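Observations on chain architecture
So you can see what is in the structure, the chains are spelled out below.
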Amino acid sequence: MRVAFLLLTFLGTSAAFAPAGDPYLRHGRSLEPTGLFARENWGYDGSGHHPSVSVSSDKNTGADIAIIAAQSNAEGTPTILGDALDGGRAQQIQDAFKNLGFSGAAGSTVRIIGADGDPAKTLLITGVGKEVGPEQLRRAAGVGLRAATGSAEKVAVLFPTDGNDVLHAVAEGAVMGSYSWSKYKSKKTVPVQEIVVVSGGDSGVVDRASTLTKHVNKARDLVNTPPNDLYPENFAQMAQDAANAVGASVEIWDEDRLCEDGMNAILAVGSASARKPRLVKVSYNPQGASKHVSLVGKGITFDSGGLSIKPTSGMWEMKGDMSGAAIVMHAALAAAELKLNTRVTAWLCLAENLVDGEGYRNGDVFTAYNNKSIEVLSTDAEGRLVMADGLGIASTENPDILIDVATLTGAQVTALGERTAGLMGDQGAIDRVIAAKDHTGEPFWAMPFPEELRADLDSYTADIKNVGSGPGGMLIGGIFLKEFVGEGAKDKWAHLDIAGPAFNAGSAYGYQPTEGTAFSLRTLVKIAELINQ
């Protein structure tokens, strides 16, 4: 995503936009993958490894490695946090830090051979940095588990865990940091099998963190799956299977039903691919729920850019252009497994944006679900097209909050960097996202919709065009989407542009791995939890 996103920043797109006239149906052509790609037992199957996670007040857990936190300070003498070690042993190790070159900076680690009385044969000291709070400890736990992966089956985490928020953060960070992806490698990474959080806290808090992060890691698996093994049709089937396992329900729109219901934007984006587009609705609707959270996710299983083709360099990252769909799907499934008292609906807008003689063109006009016509000026602004249909149909259910999640624009990365997402929309919905992210530690930054930018989307031919011609691409992308939010979600919509933080093309950091991160999933689940308060 990164190179392709940044090269297209001026237009502010990361994907293409769909047309609006007659829908593109694929008649007389096989839509199944060719023999080259029809491989058995490849890719995401929803059953990826998840370590067992428990809490114990006993430091002697029998772990192979004990992870301990240390705080840096201005004097350059890191301090071990909590009571993982007795005073004399802690001081002995602290005195050795300088010679070991360990500063306690965030992300730093040092291994020390354990002594008699230590909680494990190997101690892994992880730097927290100068500030200590739930997010700093969450990140440090992630760094520690990633360092332990491949060399330990059982890991104990001995961090200070005062309060449920801190305990939950440490457990989350540990599980997310333990994530590894070696599905396609001949030599597999040996994952951590068991994590023990040493604490006198509530085991129910750790259980919740374990369930939530299981869905984070499953969403990461989806994002990391190569596009020859993940496409709209089997993505929809995976949603069906996963929903069945947690008591949620699924409804699927194939290309015929998309045509019948006027989902011409989704159809247009998928028109050049032999793999049919899909719209998938994942529903968790517990008895007695009075609030409804609706989520719409961008699911471009591969984005070549269409006729507005992307540069080769970085195009491989476009396998992650379906991150939004994976995230909203697993947010709904996590809500179901956690048995939240909130109705949660996830809409997955799935298509593959390729180049073909039957594909849509620059200059085409199509009518979206809400009867607004769209002129396509760039087929590499397709994400907002599939989202237009998704937002339109989601609005008809009158949710209490409607949130769309998309790797939408390279302009987001330019404006906010690779780790902070753009947050736009109606103020009430923005406030709910901010309240939730304060618990989860996922960074968002609220952005405006300047009134003058709407005119940049005016079309001579249609109601709206899919890209503007000037700067402010992240904002213009959000302004475009707002046109397709219906009356049922009026003043209740938020747009999350996660182009940067959703896919990490660089080195792992904190609890985030290389490639898919599932950024924003925990915040969405927290919104569903807090909306009843």
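Residues numbered from 1 in each chain as written. Predicted model: local features only at pLDDT ≥ 70, side-chain atom pairs only at ≥ 80, totals over all residues. Heavy atoms only, no water.

Things to note about the packing of helix H4 (residues 164–177) against helix H5 (residues 203–224)
Relative orientation of the contacting elements H4 and H5 amounts to 35 degrees, with a least axis distance of 9 Å. Considering how the two elements wind past one another, H4 and H5 form a crossing that is right-handed. Where H4 abuts H5, its residues Asn 164, Leu 167, His 168, Ala 171, Glu 172, Val 175 and Met 176 lie against Val 205, Val 206, Arg 208, Ala 209, Leu 212, Thr 213, Val 216, Asn 217 and Arg 220. Here the residues of the contact of H4 with H5 are counted per class, giving nine nonpolar, four polar and three charged. (Axes fitted to C-alpha atoms, helices over the stretch in contact; angles between N-to-C directions. Helix = DSSP H or I, 4+ residues; strand = E, 2+ residues; numbered from the N terminus. Left-handed = near helix turned anticlockwise from the far one by under 90°. Contact = heavy atoms within 4.5 Å. Nonpolar A, V, L, I, M, F, W, Y, C, P; charged D, E, K, R; others polar.)

With respect to the domain arrangement of the protein chain
Looking at the assigned domains, one finds that the protein chain contains domain 1 (52–181 + 189–201) and domain 2 (213–531). Spacing between the C-alpha centres of domain 1 and domain 2 amounts to 36 Å. Taken together, the contact between domain 1 and domain 2 spans 14 residues of the former and 17 residues of the latter. For the pair domain 1 and domain 2, the summed buried surface comes to about 1,400 Å²; carbon and sulfur atoms form 58% of the total. Of all residues in domain 1, Met 176, Tyr 179 and Trp 181 give up the largest surface area on contact with domain 2, accounting jointly for 49% of the area buried on that side. Across the contact surface, domain 1 and domain 2 share one salt bridge. A salt bridge links Arg 522 to Glu 172; the nearest nitrogen and oxygen atoms lie 3.1 Å apart. Inspection of the domain 1/domain 2 interface yields ten residue pairs in polar contact (both at pLDDT 80 or more). For the side of domain 1 that touches domain 2, the elements supplying multiple residues, two or more each, are helix H3 (134–148) and H4. Partitioning the side of domain 1 that touches domain 2 into residue classes produces five nonpolar, three polar and six charged. (Domains from an automatic or database assignment. Buried area = accessible area lost by both parts, 1.4 Å probe. Salt bridge = Lys/Arg side-chain N within 4 Å of Asp/Glu carboxyl O. Polar contact = N/O pair within 3.5 Å; in protein donor to acceptor, adjacent residues only side chain to side chain.)

Examining the sheet that holds strand S12 (residues 365–367)
Read from one edge of the open sheet, three strands run S12-S13-S17, paired in mixed fashion. Edge positions in the sheet fall to S12 and strand S17 (464–465), since each of these pairs with one other strand and no more. Judged from the two bridges that link them, strand S13 (residues 373–375) and S17 form a sheet pairing that is parallel. Paired with Glu 375 across the strands is Lys 465, a residue of S17. (Pairing = 2+ DSSP bridges.)

Points about empty space enclosed by the protein
Tallied over the entire structure, the rule returns one cavity of 30 Å³ or more. Here the largest cavity is characterised by a volume of approximately 40 Å³. As for the largest cavity, its lining consists of Ala 272, Gly 306, Leu 307, Asn 353, Leu 354, Val 355, Asp 356, Gly 359, Tyr 360 and Thr 379. Looking at the lining of the largest cavity, its residues break down into five nonpolar, four polar and one charged. (1 Å grid on protein atoms, 1.4 Å probe; cavity = no way out; pocket = protein on both sides within 12 Å on 5 of 7 lines; lining within 4 Å. Points joined across faces, edges and corners; volume = space filled by probe spheres on them.)

Describing the pattern of salt bridges
Inspection of the entire model under this criterion finds 28 salt bridges. A salt bridge links Glu 255 to Arg 278, with the shortest nitrogen-to-oxygen separation between them at 3.2 Å. Linking Glu 255 in helix H7 (residues 255–260) with Arg 278 in strand S9 (residues 278–284), this pair joins segments that are 23 residues apart in sequence. Overall, the relative accessible area of 7% leaves Arg 278 in the buried class. Among the salt bridges present, the one from Lys 298 reaches Asp 321, with a minimum N-O distance of 3.0 Å. Linking Lys 298 in strand S10 (residues 292–303) with Asp 321 in the loop between S10 and helix H9 (323–337), this pair joins segments that are 23 residues apart in sequence. Of the residues examined, Asp 321 reaches a relative accessible area of 0% and is grouped as buried. Via salt bridges that share partners, Glu 135, Arg 138, Arg 139, Glu 172, Glu 442 and Arg 522 belong to a single interconnected network. (Buried < 20%, exposed > 50% of the residue type's maximum accessible area, 1.4 Å probe, protein only.)

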